[in-house]
Amino acid sequence: MTGAQKGPPVLEPGESMHACVPMAIQVVIDDAGWWSSEDGSARNEPFRSGCVRDHVISDYAAIIELGRRLGMRPQAAMVLCEWDRANILRALPSSTWLGERWDNSRRVGPWLDQAVACLREGAAHVELALHGVGHEFWSGGRLSRAEWHDQNGQMRPPAELRAHLDFFRRLLDQNGLGVFPSAFVPAAFLHSFGSGLAGILAEYGIRFISTPYGKIFRKRETEDACFGIEDGVLTVDRGNDLARWNVTGVTPDGEIPGPVCGMHWPNLLHADPARNSGVVEGWVKFLKPYDSRFDRMLAPDTASGFSQLVYHRWTKLAGDATGVALDFSKPAATGAAGLLNTFYLKVRAAANASFRADGLTILDARREPDQWRLLLQRTPGQTRARLEKM
Ligand SMILES: [Zn+2]
C-alpha cells in the first residue's frame with residue numbers, strides 16, 4: 001500500500017468544521033471453501049489452504065463470528081471444486097488435477113448441507129466472493145499457476161475463463177450457496193489490470209476486485225494509487241497481509257494502512273477447531289479500534305467499503321465556520337458500476353449538535369465518544385452539496 005495516506009480529505013480544526021471522509025477497511029479471507037487443507041503443490045495438486053488440519057463447519061462459523069463481533073460482512077473468497085456433488089468438473093479438465101477423471105465423491109457428505117445452513121444463518125455477517133474453481137489451471141494435465149492469469153500476467157483464454165465462471169455458478173447452484181458474488185479475489189494474486197478479465201467477470205456480476213498492487217501486472221496505470229476502474233469494475237489495492245498464507249492461528253500485529261485487511265483462512269483458525277473463537281478474538285481486538293478512529297472505520301460490507309474508498313480519495317471538502325462543502329465531481333465520473341451513492345462522513349462537533357444538508361440526505365447520524373458518524377446519500381444528478389452544523 002503506497003498511496004493511501006497521501007492527501008486524505010481531512011479538514012483541520014480551527015475556524016472550519018472538522019470533517020473527514022474516513023477510509024473503511026473490509027476484511028478479505030482467501031482460500032475458504034476447501035475441505036482438504038493439504039498443500040498438494042509438490043504433486044500437481046492445488047496449494048489449497050495449507051491449514052494444519054482439514055476444514056470443518058466451525059471454520060465457517062469463525063468467519064461469521066468475526067463479522068458479527070465487528071458489525072461487518074467479511075469476504076469469504078471461495079474455491080468450490082471440493083463442493084462438486086455430481087462430478088460436473090469432469091467436463092472442465094483445466095479446472096482440476098484429475099481432469100476428465102475427476103472424482104470428488106469422498107468430499108461429498110452431510111457437511112456440505114451443514115456448511116450451507118451455517119452460511120445462510122450467518123448471511124448478515126459473511127459475504128461470499130469468487131476466488132476459483134480449482135485455484136490453479138491444468139493444461140494437458142499439468143498444474144500451472146494460477147486459475148485466471150499465469151505467472152507472467154498472461155490471461156487465460158476467454159473461452160476457458162467463461163467456462164470456469166459458468167462452472168463456478170453451477171457449483172453455487174448445486175449447493176444452494178446463493179447468487180453469483182459481486183467480489184473477486186484473483187487466485188495466487190495473479191492479476192493483470194487492463195487485461196480484459198474484469199470485463200468478462202462483469203458479465204457475471206462482479207463489481208469489485210481486490211488484490212495487492214505490489215504483485216499486480218499493469219497494461220495501463222490505475223486511475224488512483226489505491227484503485228482503478230476497468231470495464232466498470234473497481235479494482236482495489238489489498239496491500240500486504242499481516243501473516244503468511246498458510247499459518248494456522250495468527251495473533252495479528254502491525255498496521256492496516258489501506259482499505260483491506262487481507263488474510264488466508266488458516267490465519268483465522270485454531271489447530272483445534274473447538275478453539276477457533278480464541279483466534280477470532282485476537283482479530284476482533286486488533287480490528288475494532290480502527291472503527292472509532294476519526295480517519296478510519298470498518299466497512300459494513302464490500303460495496304460500502306470500496307465505495308467509501310472512492311469517496312475518501314476523491315471527494316473535495318472545504319470547511320468554514322458553519323459547515324462543509326462537498327464536491328463529488330470526480331467520484332461521480334468514475335463509471336464504477338458498483339459505486340454506491342451513500343458514504344460516511346465523520347465530524348467533530350458537540351454532543352448536542354444537529355446537522356442539515358443540501359444536496360444530500362442524512363440517512364443516519366450516530367454520536368460516538370469523540371465524533372459524529374453520518375451516513376449520507378447523494379442527491380441524484382448533483383455533484384456539489386453542503387452540510388451545516390446547527
Ligand atoms: Zn488463494
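See the structure shown above.
Residues numbered from 1 in each chain as written. Predicted model: local features only at pLDDT ≥ 70, side-chain atom pairs only at ≥ 80, totals over all residues. Heavy atoms only, no water.

## Topic: the overall build of the protein
And step 1. Along the backbone of the protein there are 7 helices and 21 strands.
And step 2. Over its C-alpha trace the protein gives a radius of gyration of 22 Å, about what one expects of a compact globule, namely 21 Å for 390 residues.
And step 3. C-alpha extents for the protein along the principal axes are approximately 70 × 45 × 35 Å.
And step 4. By sequence separation, contacts in the protein at least 24 residues apart represent 71% of the contacts at least 6 residues apart.
And step 5. Of the roughly 15200 Å² that the protein leaves accessible, carbon and sulfur atoms contribute 49%. (Helix = DSSP H or I, 4+ residues; strand = E, 2+ residues; numbered from the N terminus. Rg over C-alpha atoms; globule rule 2.2 N^0.38 Å. Contact = heavy atoms within 4.5 Å. Areas by Shrake-Rupley, 256 points an atom, 1.4 Å probe, with all protein chains shown as cover.)

## A short note on the nonpolar core
Side chains of a nonpolar character, in soluble globular proteins, are inclined to be buried together.
And step 1. One finds Leu66, Trp83 and Trp283 to be the most contacted residues of the largest nonpolar core, which totals 73 residues.
And step 2. Trp283 has contacts with Leu66, Leu242, Val250, Pro252, Cys261, Met263, Asn267 and Leu268, leaving out every residue within four places of it along the chain. (Core = buried A, V, L, I, M, F, W, Y, C linked by side-chain atoms within 4.5 Å. Buried < 20%, exposed > 50% of the residue type's maximum accessible area, 1.4 Å probe, protein only.)

## Some points on unusual backbone geometry
And step 1. Along the chain, Arg145 connects to Ala146 via a cis peptide bond; the corresponding omega equals -15°.
And step 2. Position of Ala146 relative to the elements: it lies in the loop between strand S6 (142-144) and helix H3 (158-175).
And step 3. A positive phi angle, close to 50°, is found at Asn87, a residue other than glycine.
And step 4. Mapping Asn87 onto the fold places it in the loop between strand S3 (75-79) and helix H2 (110-121).
And step 5. By relative accessible area, Asn87 is classed as buried at 17%.
And step 6. Its identity as a non-glycine residue notwithstanding, Asp231 has a phi of 50°, on the positive side.

## Details of the sheet that holds strand S17 (residues 342-348)
And step 1. The strand order across the open sheet formed by 4 strands is S1-S17-S20-S19, and the pairing between neighbours is antiparallel. Since the sheet does not close on itself, it has two edges, and those belong to strand S1 (18-20) and strand S19 (360-368), each with one partner. The average undirected angle you get between the axes of adjacent strands in this sheet is 25°.
And step 2. Bridge analysis of S17 against strand S20 (residues 371-378) gives 6 bridges, and the strand direction is antiparallel. Its bridge partner lying in S20, Val347 is registered against Trp372. (Pairing = 2+ DSSP bridges. Axes fitted to C-alpha atoms, helices over the stretch in contact; angles between N-to-C directions.)

## Describing the packing of helix H1 (residues 57-70) against H2
Two packed helices can be described by the angle between their axes and the distance between those axes.
And step 1. At their nearest, the axes of H1 and H2 sit 9 Å apart, and the two run at 10° to each other. As judged from the angle between their axes, H1 and H2 are roughly parallel. Mapping the contact onto sequence places Ile57, Tyr60, Ala61 and Ile64 in H1 and Trp111, Gln114, Ala115, Cys118 and Leu119 in H2.
And step 2. Residues belonging to the contact of H1 with H2 are distributed by class as follows: 8 nonpolar, 1 polar and no charged. (Parallel < 35°, antiparallel > 145°, perpendicular 65-115°, else oblique. Nonpolar A, V, L, I, M, F, W, Y, C, P; charged D, E, K, R; others polar.)

## Quick notes on the pattern of salt bridges
And step 1. Applying the stated criterion across every chain, the model contains 23 salt bridges.
And step 2. Among the salt bridges present, the one from Asp113 reaches Arg85, with a minimum N-O distance of 3.0 Å. Taken together, the residues span a long stretch of sequence, with Asp113 in helix H2 and Arg85 in the loop between S3 and H2 at a distance of 28 residues.
And step 3. Salt bridges sharing partners connect three or more residues here, namely Glu38, Arg43, Glu45, Arg48 and Glu82. (Salt bridge = Lys/Arg side-chain N within 4 Å of Asp/Glu carboxyl O.)

## As for the pairing of S17
And step 1. Of all 7 residues that make up S17, 6 are buried, and the element is covered over most of its length.
And step 2. Note that S1 and S17 share 3 bridges and pair antiparallel. Its bridge partner being in S17, Cys20 is matched across the sheet by Lys346.

## Remarks on the environment of Thr302
And step 1. Within the secondary structure, Thr302 sits in helix H6 (residues 302-314).
And step 2. Residues Thr302 and Arg156, spaced 146 residues apart in sequence, show a C-alpha to C-alpha distance of 26 Å.
And step 3. Residues contacting Thr302, with those up to four places away along its chain left out, are Gln26, Gln75, Glu127, Ala183, Phe208 and Ser307.
And step 4. Within the structure, Thr302 has its side chain in polar contact with the side chain of Gln75 (distance 3.0 Å). (Polar contact = N/O pair within 3.5 Å; in protein donor to acceptor, adjacent residues only side chain to side chain.)

## A word on H2
And step 1. Here H2 contains 12 residues, and its C-alpha end-to-end distance of 17 Å stays within 8% of the 16 Å for a straight helix at 1.5 Å per residue.
And step 2. Residues Leu112, Ala115, Val116, Cys118 and Leu119 constitute the buried set of H2. The arc that holds every buried residue of H2, seen down its axis, measures 160°, which confines them to one face. Exposed residues pointing more than 90 degrees away from the buried face of H2 are listed as Pro110, Arg120 and Glu121.
And step 3. If you follow the buried residues of H2, they end up packed against H1, strand S4 (127-132) and H3. (Expected span 1.5 Å × (residues − 1). Arc of directions from axis to C-beta.)

## Let's talk about the sheet that holds strand S18 (residues 355-358)
And step 1. Strand order across the open sheet formed by 4 strands is S15-S16-S21-S18, with antiparallel pairing between neighbours. Edge strands, defined here as strands with exactly one partner in the open sheet, are strand S15 (316-319) and S18. Between one strand axis and the next, the sheet turns by 20° as a mean value, whatever way the strands run.
And step 2. Of the pairings in the sheet, the one linking S15 to strand S16 (residues 323-327) comprises 4 bridges and is antiparallel in character. Residue Gly319 lies in a different strand from S16, and its bridge partner there is Val324.

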